[in-house]
Each structure stands twice: as C-alpha cells, then as structure tokens.
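# Fold and contact review
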Amino acid sequence: MLLIYCPYCEEERSELEFRNAGDAHIARPTNIAEITDEEFEAYFFLRDNPKGVIFERWRHIHGCGRFFNAARDTVSDRFLTTYQAGEPKPDLNAQPKTSATLETYDEALEGAAQ
Amino acid sequence: MADQAMAIRKAPLAGLRGGSHAAILTPAAPASRISLRAAKDAVPALSAALGVTLPLRPKTSASSGKRHALWLGPDEWLVIDEDGADLMAAAASSGALHSAVDVSHRNTAVIVSGPGAEVAINSGCPQDLSLGLFPVGACSRTVLGKAEIVLFRTSEDTFRLECWRSFSPFVFGLLSEGAEDAAH
Ligand SMILES: [Zn+2]
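Residues numbered from 1 in each chain as written. Chains lettered and ligands numbered in written order. Predicted model: local features only at pLDDT ≥ 70, side-chain atom pairs only at ≥ 80, totals over all residues. Heavy atoms only, no water.

### Observations concerning the overall build of chain A
Check the secondary structure of chain A and you find two helices and six strands. Along chain A, from the amino end to the carboxyl end, the secondary structure elements read β-β-β-α-β-β-β-α. Counting all 114 residues of chain A, 32% fall into the buried class. In chain A, the share of contacts with a sequence separation of at least 24, taken over all contacts with a separation of at least 6, comes to 45%. (Helix = DSSP H or I, 4+ residues; strand = E, 2+ residues; numbered from the N terminus. Buried < 20%, exposed > 50% of the residue type's maximum accessible area, 1.4 Å probe, protein only. Contact = heavy atoms within 4.5 Å.)

Okay, structure coming up:
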C-alpha cells in the first residue's frame, strides 16, 4: 500500500483516500481573452509528461478534502515530498534521491529487452 | 372521504443486527447532523452557538453531552446531535459567516463495538486504528471498501461509523464479513 503524507492532516494515509489532479504550478494567464490559440493550447493542453520527477496536484478527497502539491518520481512512483497548495516549489536537493530506484528500474528494462 | 395516507419514515438499516462475538454491529439511532464549513475567525462564535468547541487539529473531535463536533478538514466539521436537536438553528444563531447543510438523513451510522471492532473495520479501511494513532475521541473521513465513511472512536472498543444512506447496505454487509473474520 502506497502511503502519501497529507500536509493538512499531517500524517501518512493510504493512496486509496487520494486522487491525482494533474500538473501543479500552472499559472492561468491573467489576460486569457487576449492570448493566441497557440498560447492557450500551451497553457491548457500541453504537458511535459516527464520520466522522473514531476510536480503534481493531489487531492485528499476521502480525507480532509484539500488539494495540495507533491513531487513524485514517475518511474518509481515514489513521493519525494508534499506541501500545501500555494507554497513555492520546494528545493528537492534537500530531499533524499531516488537514483537507486531508477537504476533498479533501468536494469529491469534491460533485462526485459534481452 | 378517503382516508389520508401518512408516509412513515424508514431508517436505512432499520431492524438489522449483525456481527460476531468479537465485533457487534448495531445501527445507530436517528440523529441530527450538519456539514459545517467556516473560516477560522468564525469558529469562536460557532462554538459558542453550538455549545461545543469546534476542534482545529486534524483527526480530533469535541463532545458536549450527546453533541459531537468532528474535524473533517481545515475548515470543515461534521456536527452530530444524538438527541436530534436543531443544529441548523443553533449554527444560524451564531451570527458568524458559515455554511451549514443539514445532512441528518443523508447519513446513517453503524456502531461497531467489541474487542474485534478495529479488525472488523480494517477489513475495508486502510487507516491505522491502533490506540496510539487513533485514540478515543479521534475521528477521520476515510474509506471502507468503495464507500466513503467518517469514523469516530467513542471508546477503546467502540466506533461510530457514519456513511451515506445509499451506501449503508454495502457498508453493513462488508462490516458483517469483517466482524466474522475478527472472530477467528
Ligand atoms: Zn488530508
């Protein structure tokens, strides 16, 4: 069972209580009626979908109901940190690294390819 | 003239009994409930009007007699009055800005009691219910199987488990299975 730390409940809870809510830190343009279709597309539809660390919104929907932000590794599904909505992106260098997990995953991929 | 028909209100789990010697399941008596939302500055006035201090810490509750205020979120509480008092009127008398929704009949509750109560609930609920992390008076919105519930520990071996009425047959059934398992 994956445990996620809710910054509002201040404890780890089962992933069953949470919902993913897409990328975090996407600023809505203040002049949204004036921007071009391409600019709107970039804001509204285009996402990076990185292999590795992603900053996401999550909602503790079956708990306190709050949206918060999380840094998650899309390869290992490991949550590096979570923080309250409205707070700036945290410095992940201060967080534990996940290289060991990544190497294991890469090795597993190589093994599957052989 | 035709006789006038009168509708009789039927409690969702009326007449049901269940469980095992380890965990007894009893439908709770009807109660009044409000879903209360308010900012911090309204909390003192609302607490005074409701006669129970709205808790501000996660997973905590406050009780005054048969009235209970359960912390659900940073600005959200479930207030239950087991005597069926008019909580909407009490909240309105506070004069403070808030949102109160009467959910007395949206919710129903099952009392789970006995030495196997934790095990019975944990059959479908992922929270750690050990006394250290979920002491008497602790409360939390969480899940039981596919249903959202609100758990409230009223004594070391007793929980009040609130769920939406349409989910109550599922909740009661799943708890019955869990109570059976808890007896082995
Ligand atoms: Zn939470």
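### Side note on the environment of G145(B)
Residues and elements named next belong to chain B. Structurally, G145 can be placed in the loop between strand 9 (139-144) and strand 10 (147-155). When the C-alpha positions of G145 and G124 are compared, they lie 4.7 Å apart, and in sequence the two are 21 residues distant. Residues within four places of G145 in sequence aside, it is in contact with G124, F170 and L174.

### Topic: the side chain of H62(A)
Within the secondary structure layout, H62(A) lies in the loop between strand 4 (53-59) and strand 5 (67-73). The class of H62(A) is buried, set by a relative accessible area of 15%. In this structure H62(A) touches L16(A), E17(A), R19(A), R141(B), T142(B), V143(B) and E148(B), once residues within four positions along its chain are discounted.

### Here's the deal with the confidence of the model for chain B
Looking at chain B as a whole, its pLDDT mean stands at 96, while 99% of the residues score no less than 70. Across the predicted assembly, pTM comes out at 0.88 and ipTM at 0.91. (pLDDT = per-residue confidence, 0-100.)

### Details of the coordination of the zinc ion
Residues and elements named next belong to chain A. Around the zinc ion, the protein contributes the donor atoms C6 (SG), C9 (SG), H60 (ND1) and C64 (SG), which lie 2.0 to 2.4 Å from the metal centre. Coordination at the zinc ion is tetrahedral: its four donor atoms span angles of 105 to 116° at the metal. Going along the chain, you hit the donors of the zinc ion in the pattern C-x2-C-x50-H-x3-C. Assigned by exposure class, H60 and C64 land together as buried. (Donors = N, O, S within 2.8 Å, 3.2 Å for Na, K, Ca; no water. Tetrahedral: all angles 85-135°; square planar, octahedral: opposite > 155°, others 65-115°.)

### Observations concerning the sheet that holds strand 7 (residues 99-102) of chain B
All names here are of chain B. Taken in spatial order, the five strands make up an open sheet running 4-5-6-3-7, and their pairing is antiparallel. Of all strands in the sheet, those bounded by a partner on one side alone are strand 4 (61-64) and strand 7. Put simply, the sheet's adjacent strands are angled 20° from each other on average, direction ignored. With four bridges connecting them, strand 4 and strand 5 (residues 67-73) associate as antiparallel partners. For S64, the partnering residue across the bridge sits in strand 5 and is R67. (Pairing = 2+ DSSP bridges. Axes fitted to C-alpha atoms, helices over the stretch in contact; angles between N-to-C directions.)

### A short note on the interface of chain A and chain B
With 15 residues of chain A at the interface, the matching set in chain B holds 16 residues. Taken together, both faces of the contact between chain A and chain B bury some 1,100 Å²; the carbon and sulfur share is 49%. The tally of links between chain A and chain B comes to three salt bridges. Between E11(A) and K59(B) there is a salt bridge, with the nearest N and O atoms lying 3.0 Å from each other. (Buried area = accessible area lost by both parts, 1.4 Å probe. Salt bridge = Lys/Arg side-chain N within 4 Å of Asp/Glu carboxyl O.)

### A look at the nonpolar core
W58(A), L36(B), L46(B), L50(B), L54(B), W77(B) and V79(B) are the most contacted members of the largest nonpolar core, which totals 28 residues. Contributions of two or more residues to this core are made by strand 1 (3-6) and strand 5 of chain A together with strand 3 (32-37), helix 1 (43-50), strand 5, strand 6 (76-81) and helix 2 (87-92) of chain B. In this structure, L54(B) is in contact with L36(B), V43(B), L46(B), S47(B), A69(B), W77(B) and V79(B), ignoring residues within four places of it in sequence. Counting 23 residues, the second largest nonpolar core, distinct from the first, contains I121(B), L129(B), A147(B) and F159(B). (Core = buried A, V, L, I, M, F, W, Y, C linked by side-chain atoms within 4.5 Å.)

### A closer look at the pairing of strand 6 of chain B
Residues and elements named next belong to chain B. Counted residue by residue, strand 6 has six buried out of six residues, so it is predominantly covered. With six bridges connecting them, strand 3 and strand 6 associate as antiparallel partners. Considered in strand 6, the bridge of I34 is made with V79. Examined bridge by bridge, strand 5 and strand 6 share six bridges and lie antiparallel to one another. Within strand 6, the residue paired with A69 across the bridge is V79. The turn joining strand 5 and strand 6, which pair antiparallel and follow one another in sequence, is formed by two residues.

### Points about the environment of T154(B)
All names here are of chain B. Mapped onto the elements, T154 comes out in strand 10. In the structure, T154 is positioned 18 residues away from V136 in sequence and 5.7 Å away in space, judged by C-alpha atoms. Sequence-distant contacts of T154, that is, excluding residues within four places in its chain, are made with V136, F159 and R160.

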